[in-house]
Amino acid sequence: MRRLSLVIVFPLLLAVLSPLHADLVAHWPLDDSGEDIVGGFDGLETGGVTYGAIGANDNTDGAASFQNGAISVVFAPELNPESFTITLWARPVGGAGFRSPITARYDGIVAGGGNLDGFIIYNNPANIWQFWTGDGESAMDGWDSLQGLPVEEGEWQHLAISFDAETQEKNFYINGMLEASSTDQGYAPVTDVSRALHIGGGGDRGDQYRCCLIYTSDAADEGLGVDLGGRRIIKK
């Protein structure tokens, strides 16, 4: 079992996208709690979670710090869309193993269900950003992974992942640039009601994350300038 130890600094948001605009589904500012100020999908802190860390830039407020802790959000179908975009700020500062700012997954190898579902952003043991998805098929096939850039330790980096169920396009953006893409990797949303969405996880030691958003569509354009009802994603 992997232990949590990280600093995570970001407001987490989730939005449903219509053809005309993005409707915000959830927003976790993480300024002083795990409260979702939009959809009511409040998170519960476990372990070492504190608030008040400095955000990524002047456009971001305070944030949560994780040392062997996490924020868990009870399962909801709205948080596990068939198509999605997730964005966040990350400032890794240490740790080892697989360090994850956000994950919603069902692991059939561990749970015994035989399949892999969901999404994960990882800072892997080699300090490389990765975007994992489970395709709903046999766990023996393993997770589908896109590999991004090497992690810039001690520096803020903006990450965005997306999956379009219609086109099967899976993308990984870092600092506003598309770094990896595939139409050969699948994704199946988590449906097991026992599986929470986790903010923070893995073997982090002081990593910081902030400004994470989730949408139910591939909302990221080449500049990740998605308008969320007047609130625009701000990148470093």
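Here the structure is a predicted model, which means the values were calculated and not measured.

(A) Spotlight on unusual backbone geometry. Even without a glycine there, the phi angle at Q168 is positive, about 65°. Inspection of the secondary structure puts Q168 in the loop between strand 10 (157–164) and strand 11 (169–174). Positioned with a positive phi, N175 is a non-glycine residue whose angle comes to about 50°. The topology assignment puts N175 in the loop between strand 11 and strand 12 (177–182). Here N175 falls in the partly exposed class, since its relative accessible area comes to 36%.

(B) How the structure looks around the side chain of T103. Relative to the helices and strands, T103 is located in strand 6 (residues 95–107). Judged by its relative accessible area of 8%, T103 falls in the buried class. A distance of 3.4 Å separates a polar atom in the side chain of T103 from the backbone oxygen of F119. In this view, T103 contacts F119, I120, A196, L197 and H198; residues no more than four positions away in its chain are not counted.

(C) How the structure looks around the packing of aromatic side chains. Under the criterion given, the structure shown has nine aromatic pairs. With 6.3 Å between their ring centres and 80° between their planes, F84 and F131 make a pair best called edge-to-face. Taken together, the positions of F84 in strand 5 (residues 84–91) and F131 in strand 8 (residues 128–138) put the pair 47 residues apart, joining distant regions of the chain. The same class applies to F84 as to F131, namely buried. For the ring pair F98 and Y122, a centre distance of 4.9 Å and an interplane angle of 55° mean the geometry is tilted. Of this pair, F98 sits in strand 6 while Y122 sits in strand 7 (residues 115–123), placing them 24 residues apart in sequence. With a relative accessible area of 21%, F98 lands in the partly exposed category. On the basis of relative accessible area, Y122 is assigned to the buried category, the value being 2%. Each residue in the set F84, F119, F131, F163, F172 and Y187 is aromatic and connected to the rest through ring pairs, giving one cluster.

Rules of the game
- Residues numbered from 1 in each chain as written.
- Predicted model: local features only at pLDDT ≥ 70, side-chain atom pairs only at ≥ 80, totals over all residues.
- Heavy atoms only, no water.
- Helix = DSSP H or I, 4+ residues; strand = E, 2+ residues; numbered from the N terminus.
- Buried < 20%, exposed > 50% of the residue type's maximum accessible area, 1.4 Å probe, protein only.
- Polar contact = N/O pair within 3.5 Å; in protein donor to acceptor, adjacent residues only side chain to side chain.
- Contact = heavy atoms within 4.5 Å.
- Phe/Tyr/Trp six-rings, centres within 6.5 Å; stacked < 30°, edge-to-face > 60°.

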